[in-house]
Structures are given as structure tokens and as C-alpha cells.
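Analysis of the macromolecular model
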Amino acid sequence: MLTSKITREQALELLKKYNKETFHIQHGLTVEGVMRWYAKELGYGDEEEYWGITGLLHDIDFELYPEQHCQKAPELLREGGVGEDMIYSICSHGYGLCCDLEPKLEMEKVLFAADELTGLIWSAALMRPSKSVMDMELKSLKKKYKDKKFAAGCSRDVINTGAERLGWELDELLQRTIEAMRSCEASVASAMQEEQ
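Residues numbered from 1 in each chain as written. Predicted model: local features only at pLDDT ≥ 70, side-chain atom pairs only at ≥ 80, totals over all residues. Heavy atoms only, no water.

Description of the pattern of salt bridges
- Within this structure, the stated rule accounts for 12 salt bridges.
- When the shortest N-O distance is used, the salt bridge between Arg-176 and Glu-41 registers 3.7 Å. Highlighted residues: Arg-176 in helix H9 (residues 170–195) and Glu-41 in helix H2 (residues 22–41), separated in sequence by 135 residues.
- For Arg-176, a relative accessible area of 18% puts it in the buried group.
- In this structure, Asp-135 engages Arg-128 in a salt bridge whose closest nitrogen and oxygen atoms are separated by 3.1 Å.
- A relative accessible area of 36% places Asp-135 in the partly exposed class.
- Among the ionic contacts, a cluster of salt bridges with common partners joins Arg-8, Glu-32, Arg-36, Lys-40, Glu-48 and Glu-49. (Salt bridge = Lys/Arg side-chain N within 4 Å of Asp/Glu carboxyl O. Helix = DSSP H or I, 4+ residues; strand = E, 2+ residues; numbered from the N terminus. Buried < 20%, exposed > 50% of the residue type's maximum accessible area, 1.4 Å probe, protein only.)

See the structure below:
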């Protein structure tokens, strides 16, 4: 069983040590919530904390060192007391983009697939009158997904590859990740209000 060497509180402190921009903190909290949902959904409920903290810290180096993303992370994470297994898991989400550590565990494959997708879903949610994923339907997300100009920074190749690595149809990944984001939307919004 995968267990974290640091607590969730320590992980959040570590994230905030290197990330000051609201966007990056919100993204970390969102991916944490999504990973926790997936842990329970896929039968890894006893590893929920590990999955969540991995999601929370996955972009720890991105704000300060965007050119060294996943290269600088191990140093920052080791200083914060994060275990080597989690460091590998975190860095593997950059496989083929900024590092050569391949996602092997199902948890790592989920992080690889869902990280990029949460950005696209959040962008799509902001276009909705509700500004929420709660009323988002798969078909409206697919329309945005097919429009290459929409959220152009969110790589469709990475998302497609992520679905393939998991052995899922793209629709399954999209639908499940919408549900995962619904599960944490309120708690992320509440945490972000406290940040202000």
C-alpha cells in the first residue's frame, strides 16, 4: 500500500512555499480532489491520502521554474520530506514532455491523464452561466474538446495518451473527470476564499 511520508497539512505548506499565484494553488487543490475521488472510485480508498497529496504537489516547481518543470521538483520535494516513491509519481506526470520517468502505477497514469484535463474542464466551466462543473454535460465538454482554439494550452495529445495508457475510451476519462471535479468543487472554492 502506498503511504505518504508527510501529512496533508505539511504538503499544503510545501505547495504554498513555492507557489504564490492563486491559479497554481487552485490547480493543486483541484487535482488533489480529483485524485482523491479517483482513488476511491478505482478501489484504492486506503491510498486516498497518497493519491491526494501527489495531486496537490504535482506542479510544485512550475510557478518558479517553468523551464525546469519536473526537473527541479525532486529537490524541493526532498527538502520537504516527501518520499522517493511519491517523488517518482509526481515527476512521472511530465513523461514525454519534460521528463523521462514513465507513469507505471494506475495512480500515476490517472495523474498523467487528469492533470491536463482538469485545466480544460475548468476553462469550459468558466464559460458556463453557472461557472460550475455541477451542471456540465459530457456532450458540451466534448464540443469544447474538439475546438482546438479553446483552451489551446491544454494538450489534447496528452489527454488522449492518458486515456490510452489507462485503457479507457476518451469519453470515459472525460465523464469520470467531470464527476471527480464535481466532488471537490465546493471544497476548493471554500479553500480559495480563505486564501484571499
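Anyway, onward from the coordinates.
Description of the nonpolar core
- One finds Tyr-38, Trp-51, Leu-57, Leu-77 and Leu-173 to be the most contacted residues of the largest nonpolar core, which totals 62 residues.
- Here this core takes 10 residues from helix H6 (residues 106–126), the largest share from any one element.
- In this view, Leu-77 contacts Leu-14, Leu-57, Ile-60, Val-82, Ile-87 and Ile-90; residues no more than four positions away in its chain are not counted. (Core = buried A, V, L, I, M, F, W, Y, C linked by side-chain atoms within 4.5 Å. Contact = heavy atoms within 4.5 Å.)

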